[in-house]
Amino acid sequence: MSEKPISWMRRSLIQGAGASAALALTPASRAALTIEIVGGSGREIPITVLPFVNQDRHADRVSEIVLADLLRSGLFREKSAGWMPRFPSEPEEVDWFNFGNRGVENLVMGIIAERPDGRVAVRFRLMDAFKKTQRIGFSYMVPASQLRGTAHRIADTIYEELTGEAGVFSTRICYVVRARDRFELHVADADGANADFIFAHPEPIVSPAWSPDGARIAYVSFERRKPMVFVHSVADASRRVLANFDGANSSPAWAPDGDRLSLTLSRDGVAQVYTMRADGSELARLTNSSGIDTEAHWSPDGRSLLFTSDRGGSPQIYRMSASGGGAERITFEGNYNVTPRWSPDGRSFCFIQRNSGRYNVAIQDVGSRNAQLLTDGRNDSSPTFSPNGRMILYASELNGRGILAAVSRDGRIKQRLSDSSGSVREPAWGPMLKPR
Amino acid sequence: MIKRILLLSMLALLAAGCANQDIKEQSKANVEQRDLLEAQRKKEAEERRVAAAQREQEELNRRLREEEERRRREQAAAEVKPLPGGSESGRPLTDAATQLRDPSSPLSKRSIFYDFDKFEIAGEYRDLVDLHARFLIDNPKYNLRIEGHCDDRGSTEYNLALGQRRADGVKRAMVLLGVPAGRIEAVSYGEEKPKALGKDEDSYAENRRSDLIYPDVDK
């Protein structure tokens, strides 16, 4: 397991507003996470996370990971309790008068206890400091090595309780790092921690796509001196060729049922969209045009696909039934609209739009067809929704180097992630894993 | 050398053996010893002749090798000159390889460049495509690999499809000129293998290309 320095940056879209503060939120040994907060809309939920009792006995400090997760979402602001002489772990130990006086609203407290069998018990409560009542609380019994994962689950629970939407702190992302002499397909926690590569090769790797159950990643590898689609098991690292036809094999996308994939093949001439079962059988051609048809992406209900086609003279986004047939063009602004990705609720899609020479992430409402530009980079690409639909992770550039960035679907929250070991691109956000 | 040592030790044994024998036997032994020495002299003379002959042969071989080397150099020098006329069929492989490598040969030009989001072969590259098609027809032992590339702006996957379209377009043009389709492999690297790393229009233009690669010559 490699420990790559990865840093997240957060800033509001409104530049220059409010004070700037840099908070180092992880132990120095990790030195991985730095969150920069510049300004803010003033609408964040105040949160106070007290240090969990006994957490200093472990390398992963639970309360710090929980707080970092919540702040990085852009929906919370920290209300510090640093003035406290000692920290309680149970409601009866809390001096409620002092909390109320200092404007604490949402209070998280917890305790960690080591068990003789080597496991640890982690208990936390989210308290409403005004009402002096518990909103939600859980205890977990886990191996000490899973403290970080447990902290993410706690953050997910708090996030869902206070915002009403599912948290994605326990999810994983994958992306391609272009190191000095090879390409590496990395899998990491959503906060960039625990990054490690699952495949590396001197020839390029592109277009990773998570299976709906998060167990496999389909991607395009050039290892045999041409683009071919592979399916890679994340758990046991086994891999097999899914598509190796004449010409280019690329753009894998999983149907929501996980049984089928769409992909782009040039075996019959210009690139067209096909489908096949996950075992490689039942190949069927889905599009039939004289132009490039590629980047198909399944709607959450599995009934229709968005894809990129230049059949009309410039690359635009089209929609068609998953069973084939006619396609309807749905983007009209500008002459370069590519890489459509459905939002998890199926009500909108994000894509890349060229605007006066820049390539940026945009989002369009499926019903009204209203589109909004979300980013302002020079060459943004490969957008991918978080599984709760709140954020869009994408590839961007900083000082000529590839980095990952994320923007909220309303454009207000922006984050940056970079890996010091190389240029980063081709991100894909993994699914929500059940059970939580 | 070993033979000589053996011989001497045999003589020593003989001498030792003679010590207790009568005179008759001793003179017989003297005769045998003389014969042995005579045989040894003949053998040594023979060995000298063989060694001399060997040296002579080696000298001859060296001269032959030098001669061959000189001939090869002269031949290679002659082949660098551009050949008039169309057909060069039946020429040795080294000749064709030289044409592909020689910077002064038009066949050393191996890239076709494109405008943004375009895959048609511009008029200025028609002659280059013709020339390589004719080379492939005249040199049936050579195969061609066409690699299509794009600049790194926009979609990775759209660029992959566009690079394939560029490579396929060059292949189709060559097949129309008479090159068997089975001898040309068209692949796309999309935006993955830029030639120029800059983020300016000149670099982008250099990256939008189809490269003609002869695997036997270019490795």
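Let us look at the structure shown here. (Residues numbered from 1 in each chain as written. Chains lettered and ligands numbered in written order. Predicted model: local features only at pLDDT ≥ 70, side-chain atom pairs only at ≥ 80, totals over all residues. Heavy atoms only, no water.)

1. Brief notes about the packing of aromatic side chains
Stage number 1. Under the criterion given, the structure shown has 17 aromatic pairs over all chains.
Stage number 2. Ring geometry for phenylalanine 349 of chain A versus phenylalanine 351 of chain A: centroids 5.4 Å apart, planes at 40°, classification tilted.
Stage number 3. Classification of phenylalanine 349 of chain A as buried rests on a relative accessible area of 1%.
Stage number 4. Residue phenylalanine 351 of chain A is classed as buried on the basis of its relative accessible area of 1%.
Stage number 5. Three or more aromatic residues joined by ring pairs make a cluster, and in this case those are Tyr336 and Tyr359 of chain A together with Phe116 and Tyr158 of chain B.
Stage number 6. Over the ring of tyrosine 318 of chain A we find arginine 311 of chain A; its NZ or CZ atom is 5.0 Å from the centre of that ring. (Phe/Tyr/Trp six-rings, centres within 6.5 Å; stacked < 30°, edge-to-face > 60°. Buried < 20%, exposed > 50% of the residue type's maximum accessible area, 1.4 Å probe, protein only. Lys NZ or Arg CZ within 6 Å of the ring centre and 35° of its normal.)

2. Notes on the sheet that holds strand 17 (residues 260–265) of chain A
All names here are of chain A.
Stage number 1. With antiparallel pairing, the 4 strands of this open sheet are ordered in space as 16-17-18-19. Each edge of the open sheet is held by one strand with a lone partner, namely strand 16 (249–254) and strand 19 (284–285).
Stage number 2. Pairing of strand 16 with strand 17 involves 4 bridges; the strand directions are antiparallel. Bridged to asparagine 249 within strand 17 is leucine 265. (Pairing = 2+ DSSP bridges. Helix = DSSP H or I, 4+ residues; strand = E, 2+ residues; numbered from the N terminus.)

3. Brief notes about the nonpolar core
Stage number 1. With 43 residues, the main nonpolar core has Ile47, Phe52, Val66, Ile154 and Ile158 of chain A as its most contacted residues.
Stage number 2. Broken down by element, the residue count for this core peaks at 7 residues, all from helix 3 (residues 147–163) of chain A.
Stage number 3. When residues of this core are sorted by domain, at least three fall in each of domain 1 (45–65 + 78–163) and domain 2 (172–429) of chain A.
Stage number 4. Excluding anything up to four places from it in sequence, isoleucine 158 of chain A contacts Ile47, Val66, Leu70, Val108, Phe124 and Leu126 of chain A.
Stage number 5. Of all hydrophobic cores here, the second largest spans 27 residues; its members include Ile121, Val129, Leu144 and Val179 of chain B. (Core = buried A, V, L, I, M, F, W, Y, C linked by side-chain atoms within 4.5 Å. Domains from an automatic or database assignment. Contact = heavy atoms within 4.5 Å.)

4. Observations regarding the interface of chain A and chain B
Where interface size is quoted, it is often the accessible area lost as the parts come together.
Stage number 1. Taken together, the 39 residues of chain A in the interface contact 27 residues of chain B.
Stage number 2. With both sides pooled, the region where chain A packs onto chain B buries about 2,500 Å², and carbon together with sulfur makes up 51% of that total.
Stage number 3. On the chain A side of the contact with chain B, Arg225, Ile292 and Tyr336 of chain A bury the most area, a combined 20% of that side's loss.
Stage number 4. Where chain A meets chain B, there are 6 salt bridges.
Stage number 5. We note a salt bridge from glutamate 147 of chain B to arginine 225 of chain A, for which the minimum N-O separation is 4.0 Å.
Stage number 6. Scanning the region where chain A abuts chain B turns up 17 residue pairs in polar contact (both at pLDDT 80 or more).
Stage number 7. When residues of the side of chain A that touches chain B are traced back to their parent elements, those giving at least two are strand 12 (205–210), strand 16, strand 20 (293–298), strand 24 (337–342), strand 28 (381–385) and strand 32 (423–429) of chain A. (Buried area = accessible area lost by both parts, 1.4 Å probe. Salt bridge = Lys/Arg side-chain N within 4 Å of Asp/Glu carboxyl O. Polar contact = N/O pair within 3.5 Å; in protein donor to acceptor, adjacent residues only side chain to side chain.)

5. Points about the pattern of salt bridges
Stage number 1. Applying the stated criterion across every chain, the model contains 37 salt bridges over all chains.
Stage number 2. Notably, a salt bridge pairs glutamate 201 of chain B with arginine 153 of chain B, separated by 3.8 Å at the nearest N-O pair. Here arginine 153 of chain B lies in the loop between strand 2 (144–149) and helix 5 (156–176) and glutamate 201 of chain B lies in helix 6 (residues 201–207), a separation of 48 residues in the sequence.
Stage number 3. Linked by salt bridges that have partners in common, Arg225 of chain A together with Arg145, Glu147 and Glu185 of chain B make up one network.

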